[in-house]
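Commentary on secondary and tertiary structure
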Amino acid sequence: MEPKFPAEIIRVGAGAQQHVDAYLEYHRIVRDDDGGTPFSEADFERYKRRVGPMRIKNRIYLSWANSKGMECKQIGPETKCFCGHLYHQHQVDFRTLPSERPIQQPCEIRGCGCLTYTYCPTAMGGSHPKCTCKHSGEQHSTRKPFKCKQVSCKCFGYKSAYNCGCGEPMYNHSMQSESKEERIAKGKPIGQEVIYKAMGGLTGFSSLMDGYMRYDNTGIGALPEEVLNSPITMNDHPFLRGNLASVVAHRRANKMPIDEREIRELESQQRRPGESELDYYERRYQERQKQSKIYKGPKKPAISNERSNFSITGSSVKRR
Ligand SMILES: [Zn+2]
Ligand SMILES: [Zn+2]
Ligand SMILES: [Zn+2]
Ligand SMILES: [Zn+2]
Ligand SMILES: [Zn+2]
């Protein structure tokens, strides 16, 4: 089975780890560009020399933004388009960046007909939210303006009343493509220079989270010992949660105690087979809600404010 990094964790022996790393590296760079037959070493080198400069100089930072320019969704290689195909299956490599905005990025899957990548959130169950014409997203054309294909339906283009986590309806959002220079000029992060295919808007650790969850409270200074030693649970800051796997590994290696809540959290962090990104965040949100009701954290009267500033609590996240 094809590993879908980072959603899946593969457990292997130390010797095999190297091969897995090499495979993942190759996969992230080439994706489907080898047509299913792995490149020879020489071909791979040639391929990297061809695409490398384009991916570093002409990367398109693609996001789905609301009317205020908030980047509610960063598009990454495996983010689905309204046409049903993934971002890396669309044109992402450009010798010269077109001047139009947003940049047209047609789907490269034969016969699809999608003219440019268009993000559409998936509702529970993994399908697009229903259109105001009452037909499902999938019953609409994959070509702009995404007319409904049902006979006698008067819909002139897919429009959903679905509300994004930012509070604005879906139809207030649009695709936003920026060059590296444009982002630098606006003071936005550009991430590492990588030659992985279709990195789009992914610039760091938390880019896969929805926009409204990405506003990190950093720079609050060093935390007291007591807080640092308490278990990392889902109510903690995304940075801590993101590092939980390495924290637990470190504790195991040093025979330090591991809180069972951390094990539970680690398990819950993994995306389950068949679970869409939105389902994943919904499940995490529900679990967080549940946990904040049951578990109030260790007694820490003097520092409780600091700790809660450092975490994202369910109540501060506005949902539909
Ligand atoms: Zn397509
Ligand atoms: Zn598409
Ligand atoms: Zn419709
Ligand atoms: Zn319709
Ligand atoms: Zn939004």
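Calculation criteria
Residues numbered from 1 in each chain as written. Chains lettered and ligands numbered in written order. Predicted model: local features only at pLDDT ≥ 70, side-chain atom pairs only at ≥ 80, totals over all residues. Helix = DSSP H or I, 4+ residues; strand = E, 2+ residues; numbered from the N terminus. Buried ≥ 20, exposed ≤ 12 C-beta atoms within 10 Å, placed from the backbone. Contact = placed C-beta atoms within 7 Å. Pairing = 2+ DSSP bridges. Axes fitted to C-alpha atoms, helices over the stretch in contact; angles between N-to-C directions. Expected span 1.5 Å × (residues − 1). Bend = angle between axes of the 7 residues up to and from the residue. Core = buried A, V, L, I, M, F, W, Y, C linked by C-beta atoms within 7 Å. pLDDT = per-residue confidence, 0-100.

**With respect to the overall build of the protein chain**
Looking only at helices and strands, the protein chain features 9 helices and 3 strands. What you see in the protein chain, going N to C, is helices and strands ordered as α-α-β-β-β-α-α-α-α-α-α-α. Taken over 320 residues, the protein chain has a buried fraction of 22%. For the protein chain, restricting intrachain contacts to residue pairs at least 6 apart in sequence, the fraction spanning at least 24 positions comes to 59%.

**Concerning the sheet that holds strand β1 (residues 61-65)**
Within a sheet, neighbouring strands are paired by backbone hydrogen bonds and run either parallel or antiparallel to one another. Ordered by their spatial adjacency, 3 strands build an open sheet running β2-β1-β3, and the pairing between neighbours is antiparallel. Strands with a single pairing partner mark the edges of an open sheet, and in this sheet they are β2 (71-74) and β3 (174-178). Taking the axes of each pair of neighbouring strands and ignoring which way they run, one obtains an average angle of 35° across the sheet. Relative to β3, β1 is paired through 5 bridges, and the arrangement is antiparallel. Looking at β3, one finds that Ala65 is bridged to Ser174.

**Re unusual backbone geometry**
Of note, the amide linkage connecting Arg101 to Pro102 takes the cis form, showing an omega dihedral of -10°. The topology assignment puts Pro102 in the loop between β2 and β3. Positive phi, normally seen in glycine, also occurs at Arg31, with a value near 50°. Along the chain, the position of Arg31 falls in the loop between α1 (14-30) and α2 (41-57).

**A look at the pairing of β2**
When β1 meets β2, the two strands line up antiparallel, connected through 3 bridges. Note on β2: the bridge partner recorded for Ser63 is Gln74. In this structure, the hairpin formed by β1 and β2 is closed by a connection of 5 residues, where Gly69 is found at a positive phi of approximately 85°.

**Examining α2**
Helix length check: α2, at 17 residues, gives a terminal C-alpha distance of 24 Å against a target of 24 Å (1.5 Å per residue), a fit within 8%. In α2, a bend of some 35° at Val51 exceeds every other bend along the element, and Pro53, a proline, comes one to four places later.

**Looking at the nonpolar core**
Counting 29 residues, the largest nonpolar core has Cys81 and Tyr87 as its most contacted members. With 4 residues, β1 is the single largest residue contributor to this core. Residues contacting Tyr87, with those up to four places away along its chain left out, are Ile75, Gly76, Pro77, Glu78, Thr79, Cys81, Tyr117, Ala198 and Gly200.

**Let's talk about the environment of Cys120**
Along the chain, Cys120 falls in the loop between β2 and β3. Under the C-beta neighbour-count criterion, Cys120 is labelled buried, with 23 such atoms within 10 Å. Taking C-alpha positions, Cys120 is 8.3 Å from Met170, a pair spaced 50 residues apart along the chain. Setting aside residues up to four positions removed in sequence, Cys120 forms contacts with Phe82, His128 and Gly137.

**Comments concerning the confidence of the model for the protein chain**
Considering every residue of the protein chain, the mean pLDDT works out to 78; 69% of them sit at 70 or more. Scored below 50 in pLDDT, residues 214-228 makes 19 contacts in the model with residues more than four places away or belonging to other chains. Taken as a whole, residues 299-320 scores under 50 in pLDDT and shows 33 contacts with residues more than four places along the chain or in a different chain.

**Re the environment of His90**
Mapped onto the elements, His90 comes out in the loop between β2 and β3. On the basis of neighbour count, His90 is assigned to the buried category, with 24 C-beta atoms found within 10 Å. Taking C-alpha positions, His90 is 5.5 Å from Pro106, a pair spaced 16 residues apart along the chain. In contact with His90, not counting residues within four places along its chain, are Cys81, His85, Gln105, Pro106, Cys107, Glu108 and Tyr117.

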